[in-house]
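# Understanding the architecture of this molecule
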Amino acid sequence: MSSTAENTSENSNSLEKFANRFNSPSYKGIDFDCEFIVGTEKIVIKGHKFVFAVSSEVFQAMFYGDLKEEKAVIVEDLHADGFECLKQFIYTGQVNFRSAMQALLTFVAARKYLIDELSEASTKFVLECMRPADVLQIYECCKMFKTPQFEDKCCELIQEATDQVVASEYFTTVQLETIELILKSSPLNLQSELDVFDLLERWALAEASRRAMTVERIATDFNSLKKHICFLTMNGNQFITRVVESPLLTQQEKLVIGVNLIELNAKPMPESISTKSQLRHFIGQTCTIKHHTFVFELDSYKDQSTECNANFCTFTLPFYIIKIDDYVCLRMRPRSLIDSLEMLVCSIETKLRVLATNSCNDLFIKKDCDFIGKKFDLRSDQKSKACTIAAIPLSKINKPRFLRGANTVHIEGTFEIKKLE
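This structure is a prediction, so every number in the text was calculated from the model and none was measured. (Residues numbered from 1 in each chain as written. Predicted model: local features only at pLDDT ≥ 70, side-chain atom pairs only at ≥ 80, totals over all residues. Heavy atoms only, no water.)

## Remarks on helix α7 (residues 116-129)
Over its 14 residues, α7 runs 20 Å from end to end, which matches the ideal 20 Å to within 8%, given 1.5 Å per residue. What α7 keeps buried is the set Leu 118, Ser 119, Ser 122 and Val 126. All buried residues of α7 lie within an arc of 100° about the axis, which places them on one face of the element. Pointing more than 90 degrees away from the buried face of α7 are the exposed residues Asp 116, Glu 117, Glu 120 and Glu 128. The inward-facing, buried residues of α7 contact α5 (80-92) and α6 (100-112). (Helix = DSSP H or I, 4+ residues; strand = E, 2+ residues; numbered from the N terminus. Expected span 1.5 Å × (residues − 1). Buried < 20%, exposed > 50% of the residue type's maximum accessible area, 1.4 Å probe, protein only. Arc of directions from axis to C-beta. Contact = heavy atoms within 4.5 Å.)

Here's what the structure looks like:
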């Protein structure tokens, strides 16, 4: 039994040795008769004309055609790493990629020399093994070598793993066109528009340092990128604590944004600033907290005019008060912010406080509810789509201590909306 196992092992080693019969002379330098000078670094890669020629019609014409090469072959449009993998495949029929980037460089070489099997293997590896940390470098490499077949995968990863993509060391060195691609994208796996602004500022300040820009130029040289930030979707605290202190905007731009955050369309926006007030789609958002005070007329059976809108992920969640039979009800009508059928999956913790004329006598109500698997589209603002979040018996609040002028009550609401894990 042991003898059989030993024979099998010896046969396996012999087959592997035979499969790599061309690899040994390649790396030992036996009778090299051709050399390639590859890439901008002019790396010299040697080989055997016959072995290269039998693997590709391009090499056959190069070494045995009418215009055959007698001197070193200059290959300026490939990277040496990709050409080394090409050579490995030609000599062994196998290739071992270390990364998606190496596979991409190999694909470019295989495409140039019409080695279809290697092109297919390289393509498969790139699409299956591309990592968020590498995607920006791969995307720019695709642009340089004109390989659009990988760009969709790059864009997909930029949207689905934005936080990991922009955390890479390569991020601050990308081309302007690449940062613009990120800023224009929706959805993004970030928490808010402030995160988008932060990544723009991080890249812009690194670029300003490379170009030794003055503070004045920093505020004006990135206008083509600033216009992709939806400043009007930020809240006042985000704007004051982060944007106002940033060197990326002029004082005039900050003033106009601030005025329009207080009252939409109060002042015309400069061309460098977006007028969009619709929330970008953020798939990474995990929590939203909204505060609002409702003014409710106890004699009314209509929707109240003081509606509270909370934005969460791809939804806007309008909360409003209405009287139904003998109850004052807090209701919500979810609407998708994007033009597709979306599923709302979240928990909502609601705290209501019916304000008494004497604050010591306030009435407190707390309710929790989950939304799982409910779908709402852009048209789902009809009353039939509304959900009751909390109900207060009318008898509890129709009391002198809560009543104000015109038989109204003030109900303070806090809504904490969380993503269900």
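## Describing the nonpolar core
Of all hydrophobic cores here, the largest spans 80 residues; its most connected members are Phe 36, Phe 59 and Phe 83. Among the elements that make up this core, the one with the highest residue count is α6 (nine residues). Apart from the residues lying within four places of it in its own chain, the contact partners of Phe 59 are Phe 36, Phe 52, Ala 53, Phe 83, Leu 86, Ile 90 and Tyr 113. If you look at the next biggest cluster of nonpolar residues, it comprises 35 residues, including Cys 313, Leu 317, Phe 371 and Cys 387. (Core = buried A, V, L, I, M, F, W, Y, C linked by side-chain atoms within 4.5 Å.)

## Comments concerning the environment of Lys 46
One can find Lys 46 in strand β2 (residues 43-47). Along the sequence, Lys 46 and Phe 32 sit 14 residues apart, while their C-alpha atoms lie 6.4 Å from each other. In contact with Lys 46, other than residues within four places in its own chain, are Phe 32, Cys 34, Glu 35 and Lys 87.

## A look at unusual backbone geometry
Generally, phi is negative for residues other than glycine and the peptide bonds are trans, each holding for most cases. Ser 186 connects to Pro 187 through a cis peptide bond whose omega is 10°. Examined against the element boundaries, Pro 187 turns out to sit in the loop between α11 (176-184) and α12 (193-210). With phi around 55°, Lys 42 is a residue other than glycine that occupies positive phi space. One non-glycine residue, Asp 325, lies in the positive phi region at around 55°. By secondary structure assignment, the location of Asp 325 is in the loop between β6 (315-324) and β7 (327-332).

## What to know about a nonpolar patch on the surface
There is a patch of nonpolar side chains on the surface, built from Phe 50, Val 54 and Tyr 64 and spanning about 360 Å² of accessible area. By secondary structure assignment, the location of Val 54 is in helix α3 (residues 49-55). (Patch = residues over 30% accessible without salt bridge, like charges linked within 9 Å, V, L, I, M, F, W, Y side chains within 5 Å. Areas by Shrake-Rupley, 256 points an atom, 1.4 Å probe, with all protein chains shown as cover. Salt bridge = Lys/Arg side-chain N within 4 Å of Asp/Glu carboxyl O.)

## A short note on the pairing of strand β1 (residues 34-38)
Of all five residues making up β1, four are buried, and the element is well covered by its neighbours. In terms of strand pairing, β1 meets β2 through five bridges, oriented antiparallel. Residue Glu 35 lies in a different strand from β2, and its bridge partner there is Lys 46. The antiparallel hairpin formed by β1 and β2 contains four residues in its connecting segment, where Gly 39 sits at a positive phi of about 75°. Relative to strand β3 (residues 73-75), β1 is paired through three bridges, and the arrangement is parallel. Residue pairing across strands places Phe 36 opposite Val 73, the latter belonging to β3. (Pairing = 2+ DSSP bridges.)

## Some words on the sheet that holds β3
As summarised here, the arrangement of the three strands in space is β2-β1-β3, forming an open sheet in which the pairing is mixed. Among the strands making up the open sheet, the edge pair consists of β2 and β3. Direction aside, the axes of adjacent strands within the sheet are offset by 25° on average. Across the sheet, α5 touches β1 and β2, and the angle it forms with β2 is around 10°. (Axes fitted to C-alpha atoms, helices over the stretch in contact; angles between N-to-C directions.)

## Quick word on the pattern of salt bridges
Tallying each qualifying case throughout the model produces 20 salt bridges. The partner of Arg 280 in a salt bridge is Glu 193, and the shortest N-O contact between them spans 2.7 Å. Taken together, the positions of Arg 280 in the loop between α16 (251-262) and β4 (287-297) and Glu 193 in helix α12 put the pair 87 residues apart, joining distant regions of the chain. In terms of burial, Arg 280 and Glu 193 fall into one category: buried. For Asp 221, the salt bridge identified is with Arg 217, shortest N-O distance 2.8 Å. The class of Asp 221 is partly exposed, set by a relative accessible area of 31%.

## Thoughts on the packing of aromatic side chains
Summed over the entire model, instances satisfying the criterion amount to 16 aromatic pairs. On the basis of an interplanar angle of 50° and a centroid distance of 4.8 Å, the ring pair of Phe 36 and Phe 83 is categorised as tilted. Taken together, the residues Phe 36 in strand β1 and Phe 83 in helix α5 connect sequence positions 47 residues apart. Taken together, a centroid distance of 6.4 Å and an interplanar angle of 10° make the contact between Phe 59 and Phe 63 stacked. Here Phe 59 and its partner Phe 63 are both found in helix α4 (residues 57-64), four residues apart, which amounts to about one turn of the helix. In this structure, Phe 59 and Phe 63 share a single accessibility class: buried. Grouped by ring-pair contacts, the aromatic residues Phe 36, Phe 52, Phe 59, Phe 63, Phe 83, Tyr 91 and Tyr 113 constitute a single cluster. The positively charged end of Lys 87 is found above the aromatic ring belonging to Tyr 91, 5.8 Å away from the centroid. A cation over an aromatic ring shows up here: Arg 333 above the ring of Tyr 320, its NZ or CZ 4.3 Å from the ring centre. (Phe/Tyr/Trp six-rings, centres within 6.5 Å; stacked < 30°, edge-to-face > 60°. Lys NZ or Arg CZ within 6 Å of the ring centre and 35° of its normal.)

These results come straight from atomic positions and should not be treated as a statement about function.
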